[in-house]
Amino acid sequence: MSEEPIVGPAGPHSVADLDLKPALEAVLMVVDEPATEEHLAKILERPRRQIARALRELADDYAVQGRGFELRFVAGGWRYYTRAEYSAAVERFVLDGQQARLTQAALETLAVVAYRQPVSRSRVSAVRGVNCDGVMRTLLQRGLVEEAGTEPETGAILYRTTNYFLERMGLRGLDELPELAPFLPEAEAIEAETQEGVPSFDGDAPDDDVPGTPGRPGTPGTPGTDDADEQTEF
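Residues numbered from 1 in each chain as written. Predicted model: local features only at pLDDT ≥ 70, side-chain atom pairs only at ≥ 80, totals over all residues. Heavy atoms only, no water.

In the contact formed by helix α5 (residues 104-116) and helix α7 (residues 133-141), the axes pass within 10 Å of each other and the chain directions differ by 75°. Viewed along their axes, α5 and α7 adopt a mutual orientation that is roughly perpendicular. Of α7, the residues touching α5 (which contributes A105, A106, T109, L110 and V113) are V135, M136 and L139. (Axes fitted to C-alpha atoms, helices over the stretch in contact; angles between N-to-C directions. Helix = DSSP H or I, 4+ residues; strand = E, 2+ residues; numbered from the N terminus. Parallel < 35°, antiparallel > 145°, perpendicular 65-115°, else oblique. Contact = heavy atoms within 4.5 Å.)

Here you go:
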């Protein structure tokens, strides 16, 4: 028995018979995360090399035409993005003039995770010199970091950045992070000085139960205090 063709508004057809570029545009319009070339090749029943060539041609066409959107390869896949030149219009429509951003504490914590991953909370706290539990929970809730197993020596939970982090930062991979070498001596010195004095923050106890050195809450460089992160947005 022969397989029945797919029937749609335009009549009987199969996915393989569709024009490739319009089909790619239609699929990429509805994705909620970057689509890989392998997945697109499977869905559209075409060789990956043909899919890759068509995607790059589409991206070049949009650039030449000066469209308000662009097709970019980010976090291992392809997705449509609004062009940077028109960000003001998009921000006004979506945010109604209000900018959403991470706090300084969240950005610093995220940077430590990005460059030292996989890393435990206590290690992050040691580098920053402040209890990072609250900020880490915020980053987890935002989907920017995720659990990555446990540390063999201590059993502490390890954390790493996610593909969503790469997508939001516009990076293809972690190898595109800016070079950190000029800042390593200072970072290593801070960690060495604070490692012994910072308690373990890897437990799930409330922040108020975490032991530490008395000080002004949220004051950077004071071990045992906790970052205030009430305005964190992303």
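Picking up where we left off.
This brings us to helix α6 (residues 121-128). Within an α-helix, residues lying three or four positions from one another point in the same direction, as the helix has 3.6 residues per turn. Buried residues dominate α6, accounting for seven of its eight residues. Along α6, the residues that are buried comprise R121, S122, V124, S125, A126, V127 and R128. Where α6 ends, the next residue or the one after it, G129, has phi of about 75°, a positive value. (Buried < 20%, exposed > 50% of the residue type's maximum accessible area, 1.4 Å probe, protein only.)

Another point: the packing of aromatic side chains. The relative placement of two aromatic rings is captured by the distance of their centres and the angle of their planes. Going through the model one piece at a time under the given rule, you end up with four aromatic pairs. Look at Y62 and Y80: their rings are 5.8 Å apart centre to centre, the planes differ by 50°, and that puts the pair in the tilted class. Here Y62, found in helix α3 (residues 48-65), pairs with Y80, found in strand β4 (residues 77-82); they are 18 residues apart in sequence, far enough to count as distant. Judged on exposure class, the residue Y62 and its partner Y80 are both buried. What links up through ring pairs into an aromatic cluster is the set Y62, F69 and Y80. Geometry around Y81 places R72 over its ring, the cationic atom sitting 4.5 Å from the centre. (Phe/Tyr/Trp six-rings, centres within 6.5 Å; stacked < 30°, edge-to-face > 60°. Lys NZ or Arg CZ within 6 Å of the ring centre and 35° of its normal.)

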